[in-house]
Amino acid sequence: MLVDPSHGLTAQGPSGFTGATLTLDQQRVLFRRWTTGPAVHPHEALLGMLALLHGASSREVKMLQTADLDPHARTTRLGDRPHPVPLDPASWAVLERCLAHREAQRTDNPHVMVTRQTKSGRGPASTAYVSHVLDACGFPPRMIRCTRLLDLVNTMDPKLVAAASAWTPKPP
């Protein structure tokens, strides 16, 4: 009799990223939507642009405060990232539009993204609110962010991307 040495072994799934990402054409449509669409809500444009161009998570955008912004250097602190993130002119314009929207609400809330529920307090927008901000564009925040991060990891040293994004290894 012959013995099957592979009996009892199971194949593991692919060991890379398997999530959905945007095509280049979809990215262009979203970029135009957020930079030229006057009917687009400022919160949608901010979350979308920061995810698409800077790989920002919903949490990083939700927790962003006015004190994190440096208008002279046109940079912002995002989450636990070790260095300020320089913003391109398009992202800065979207941020200014969001700040104008915040200013119109006459609030003392320190967060950039202020809603009707948070304008009288000091807390960030709710997770539920932020998770639905991009509903109108048809793509979830995670998919948009993953598109950018995948591009960065494929074109740069993954260790540099991890360090710049303040990623830590998962415990075993």
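What you see as residue numbers is a count from 1 along each chain, following the sequence as written. Side-chain atom pairs in this predicted model are given and counted only at pLDDT of 80 or more, local residue features only at pLDDT of at least 70, and totals for whole chains, interfaces and linings cover all residues. Each side-chain value is worked out from all heavy atoms of the structure, with water and hydrogens disregarded.

**So, the overall build of the protein chain**
What counts is decided by this rule: We count a stretch as a helix when DSSP gives it H or I for four or more residues in a row; a strand needs E for two or more, and each element gets its number in order from the N terminus. The cut-offs for exposure are 20% and 50% of the maximum accessible area for each residue type, with area from a 1.4 Å probe on protein chains only; residues under the lower value are buried, those over the upper are exposed, and the others partly exposed. Residue contacts are counted whenever heavy atoms from the two residues lie within 4.5 Å of one another. Accessible surface is estimated by sampling points in the Shrake-Rupley manner with a 1.4 Å probe; for residues, cover comes only from the protein chains shown. Charge counting treats Lys and Arg as positive and Asp and Glu as negative, with His and both chain ends excluded. Charge positions come from single atoms, namely NZ of Lys, CZ of Arg, CG of Asp or CD of Glu.
The helix and strand tally for the protein chain stands at seven helices and three strands. Within the protein chain, the proportion of its 172 residues that are buried is 36%. Across the protein chain, contacts joining residues at least 24 apart in sequence account for 56% of those joining residues at least 6 apart. Only carbon and sulfur atoms are counted for the fraction: they give 57% of the accessible area of the protein chain, which is about 10900 Å². Positive and negative side-chain charges in the protein chain, numbering 19 and 14 respectively, have mean positions lying 4 Å apart.

**Quick look at the packing of helix α2 (residues 42–54) against helix α4 (residues 89–104)**
Let me state the cut-off plainly: To get an axis, a line is fitted to the C-alpha atoms, and for a helix only the part in contact is used. The angle between two axes follows their N-to-C directions and goes from 0 to 180 degrees. An angle below 35 degrees is read as roughly parallel, one above 145 as roughly antiparallel, one from 65 to 115 as roughly perpendicular, and any other as oblique. Crossing handedness: left-handed means the near helix sits turned counterclockwise from the far one by under a right angle, and right-handed means the same turn made clockwise.
Two numbers describe how α2 lies on α4: the axes approach to 9 Å, and their chain directions differ by 155°. Between α2 and α4, the interaxial angle falls into the category roughly antiparallel. The handedness of the crossing between α2 and α4 comes out as left-handed. Contacts between α2 and α4 pair P42, H43, A45, L46, M49, L53 and H54 from the former with A90, S91, V94, L95, R97, C98 and H101 from the latter.

**A few points about the sheet that holds strand β3 (residues 85–86)**
In plain terms, the rule: Strands are labelled as partners when DSSP assigns at least two bridges between them.
An order of β1-β2-β3 is seen for the three strands of this open sheet, with the pairing classed as antiparallel. Two strands bound the open sheet, and with one partner strand each, they are β1 (69–70) and β3. Two strands pair when backbone bridges link them, and β1 and strand β2 (residues 75–76) are joined in this way by two bridges, in the antiparallel orientation. Looking across to β2, one finds that D70 is bridged to T75.

**Remarks on the packing of α2 against helix α6 (residues 141–155)**
Remark: α2 packs on α6, axes separated minimally by 6 Å, with the N-to-C direction vectors making an angle of 30°. Classified by the interaxial angle, the pair formed by α2 and α6 is roughly parallel. Taken together, the residues of α6 that come into contact with α2 (itself represented by L47, G48, A51, L52, L53 and H54) are P141, I144, R145 and R148.

**Some thoughts on the environment of L160**
Looking at the element boundaries, L160 is found in helix α7 (residues 158–164). When the C-alpha atoms of L160 and L22 are compared, they prove to be 23 Å apart, with 138 residues separating the residues in sequence.

**A closer look at the nonpolar core**
The cut-off we apply is this: Within this scheme, the nonpolar core is defined by two criteria: the residues are buried Ala, Val, Leu, Ile, Met, Phe, Trp, Tyr or Cys, and they are joined through side-chain atoms within 4.5 Å.
The biggest cluster of nonpolar side chains holds 32 residues, and the ones touching the most others in it are W34, L46 and I144. Secondary structure elements with two or more residues in this core: α1 (24–36), α2, α4 and α6. Take this core: its biggest share by element is seven residues, from α2. Setting aside anything within four residues of it in sequence, one finds L46 in contact with V61, V94, L95, C98 and V112.

**What about α6?**
Applied cut-off: Multiplying one less than the number of residues by 1.5 Å gives the expected span of a helix.
Spanning 15 residues, α6 covers 22 Å between terminal C-alpha atoms, matching the ideal 21 Å at 1.5 Å per step. Residues P141, M143, I144, C146, T147, L149 and L152 constitute the buried set of α6.

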